[in-house]
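Here is what each chain is made of, one letter per residue.
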Amino acid sequence: MKRITDLFLTFFRIGAFTFGGGYAMIALLDHECVEKKKWLTSDELMDITVIAESTPGPIAINCATYTGYKVAGMRGAVLATAGMMLPSFLLLFVISNFFESILTIPIISKAFRGVRIAVAVLIIQAAIKMIKKIILKSTCKKIQIPIIVFFFFLVLALNIAGIHISTIYFVMCSGLAGFALLGFPKKSKDRRGGQ
């Protein structure tokens, strides 16, 4: 019971204090679920991020569902997902009737501009953390670093040119590039009986 409550409260806190959507939440997910609670490993979080980006639904919800299921089964999945969704639902429910009039108040309008900057910083922080972990833990640094650099500059060039392509295509292309360059994992000598 304590673990399920902890799951709900943790994801409620992440959902309540992260603005800017799923990518901005990755840094908080990493801090709470990997570093603090040890519910996931860094590799698992990266894999979940890739899978969540490639499947229907918001990335943060998919991450919450997976983490909840891993930690406490189906009840954990339901409560982690509810914890992640509830703050947004309550906030939108409360302010939906007078949101536009709120934004006309100068102080609130300026506060939202500040929040936008914080969102950008959170996304950059999450990207830097993930890239560092990929580089530090990778056994194929010579291959993975060029893939990271290539796709970074490709996305940057396309955005500057005003060409918008779904991130799913980038995920699929980088996966194919990794598979083409790395291929199937080689069996170790121990598994083949030392031959």
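Residues numbered from 1 in each chain as written. Predicted model: local features only at pLDDT ≥ 70, side-chain atom pairs only at ≥ 80, totals over all residues. Heavy atoms only, no water.

**Let's talk about the overall build of the chain**
Per the secondary structure count, the chain includes eight helices and zero strands. In the chain, the succession of α and β elements from N to C terminus is α-α-α-α-α-α-α-α. Looking at the chain as a whole, 28% of its 195 residues are labelled buried. Accessible surface for the chain amounts to roughly 13200 Å². Of this, 71% is attributable to carbon and sulfur atoms. (Helix = DSSP H or I, 4+ residues; strand = E, 2+ residues; numbered from the N terminus. Buried < 20%, exposed > 50% of the residue type's maximum accessible area, 1.4 Å probe, protein only. Areas by Shrake-Rupley, 256 points an atom, 1.4 Å probe, with all protein chains shown as cover.)

**Observations concerning unusual backbone geometry**
With a phi angle near 60°, K38 is a residue other than glycine that sits in the positive phi range. Looking at where K38 falls in the secondary structure, it is placed in the loop between α2 (22–36) and α3 (42–54). On the basis of relative accessible area, K38 is assigned to the exposed category, the value being 63%.

**Some remarks on the nonpolar core**
Counting 25 residues, the largest nonpolar core has F11, L29 and M84 as the members making the most contacts within it. Breaking this core down by element, the ones donating at least two residues are α1 (2–17), α2, α3, α4 (59–95) and α6 (106–137). Examining the composition of this core, we find that eight residues originate from one element, α4, more than from any other. When neighbours within four sequence positions are excluded, F11 is seen to be in contact with L29, C33, W39, A64, T67, A80, G83 and M84. (Core = buried A, V, L, I, M, F, W, Y, C linked by side-chain atoms within 4.5 Å. Contact = heavy atoms within 4.5 Å.)

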